[in-house]
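Summary of structural features
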Amino acid sequence: MKSVPKVTAEKILNREFHAGHFGEKWLTDVTEMKYGASGKAYLSAILDVADKSIVSFVIEHSNNNALVFENFDIAHENYPDAKPLFHGGRGYQYTSTSFRKKFNKAGMTQSMSRISRCMDNGLMEVSWGMLKSEMY
């Protein structure tokens, strides 16, 4: 059964992958990494568009709300004054009412990719590609 997003946001980022200073625009996503015969791990990361640094990341064995929420909390705790345009996909974690509450409390503006348009988050996707080409 396909889930229906409870919360969505417009594509405010609009593929503008440049920023003048740290904390202006952050991108986020989760990627699956396979290891060994059948192992899987999930990496949630937040990337700053200005300097291409990883703001925060969490690795777990389950792709769930806790993974994304913990990553968001780490970023917000480390940079409490940052109020970036925060862009991600339409995964169930990002479209939950619980995430929206965290987001609103942090005072950030949310932006989301369109359905089936991974290039709306292209800089993050490129980062995953580079990581995996080095890793594998």
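Structure first, text after, so check above.
The following refers to the structure shown. (Residues numbered from 1 in each chain as written. Predicted model: local features only at pLDDT ≥ 70, side-chain atom pairs only at ≥ 80, totals over all residues. Heavy atoms only, no water.)

Below, the discussion takes up helix α1 (residues 65-78). Between its terminal C-alpha atoms α1 stretches 20 Å, which fits the 20 Å expected from 14 residues at 1.5 Å a residue. Turning to α1, its buried residues number three or more, namely L67, V68, F69, N71, F72 and A75. Looking at the packing, one finds that the buried side of α1 touches β1 (25-35), β2 (39-48), β3 (54-60), β4 (85-88) and α2 (97-106). (Helix = DSSP H or I, 4+ residues; strand = E, 2+ residues; numbered from the N terminus. Expected span 1.5 Å × (residues − 1). Buried < 20%, exposed > 50% of the residue type's maximum accessible area, 1.4 Å probe, protein only. Contact = heavy atoms within 4.5 Å.)

The subject of this paragraph is the pattern of salt bridges. The tally for this structure, following the rule as stated, stands at five salt bridges. Salt-bridge contacts for K40 lead to E32; the nearest nitrogen and oxygen are separated by 3.8 Å. Classification of E32 as partly exposed rests on a relative accessible area of 27%. Among the ionic pairs, D120 bridges to R114, the shortest N-O distance being 2.9 Å. Using a relative accessible area of 0% as the deciding quantity, one classes D120 as buried. (Salt bridge = Lys/Arg side-chain N within 4 Å of Asp/Glu carboxyl O.)

A separate point is the nonpolar core. If you look at soluble globular proteins, the nonpolar side chains tend to sit buried side by side. Ranked by size, the top nonpolar core spans 20 residues in total, and within it W26, F72, F86, F99 and M108 carry the most contacts. By residue number, the principal contributor to this core is α1, which donates five residues. Contacts of W26, omitting those with residues within four sequence positions, involve I46, L47, D48, V55, A75, Y79, A82, P84, L85, F86, H87 and M108. Listed in part, the twelve residues of the second largest apolar core include L27, M33, V49 and L85. (Core = buried A, V, L, I, M, F, W, Y, C linked by side-chain atoms within 4.5 Å.)

A separate point is the side chain of D120. Structurally, D120 is set in the loop between β5 (109-112) and α3 (122-135). In this structure the side chain of D120 is engaged in a polar contact, spanning 2.8 Å, whose partner is the side chain of R15. (Polar contact = N/O pair within 3.5 Å; in protein donor to acceptor, adjacent residues only side chain to side chain.)

What follows concerns the sheet that holds β1. Taken together, five strands build an open sheet; the order of strands is β3-β2-β1-β4-β5 and the sheet is mixed. Of all the strands in the sheet, just β3 and β5 have a single pairing partner and so form its edges. The average undirected angle you get between the axes of adjacent strands in this sheet is 20 degrees. As judged from the six bridges shared by β2 and β3, these two strands associate in the antiparallel manner. In the strand pairing of β3, S44 is matched with V58. (Pairing = 2+ DSSP bridges. Axes fitted to C-alpha atoms, helices over the stretch in contact; angles between N-to-C directions.)

What follows covers the packing of aromatic side chains. Under the criterion given, the structure shown has eleven aromatic pairs. Relative to F103, the ring of F86 lies with its centre 5.4 Å away and its plane at 70 degrees, an arrangement referred to as edge-to-face. Taken as a pair, F86 in strand β4 and F103 in helix α2 lie far apart in primary sequence, 17 residues in all. Residue classification places F86 among the buried positions, given a relative accessible area of 3%. (Phe/Tyr/Trp six-rings, centres within 6.5 Å; stacked < 30°, edge-to-face > 60°.)

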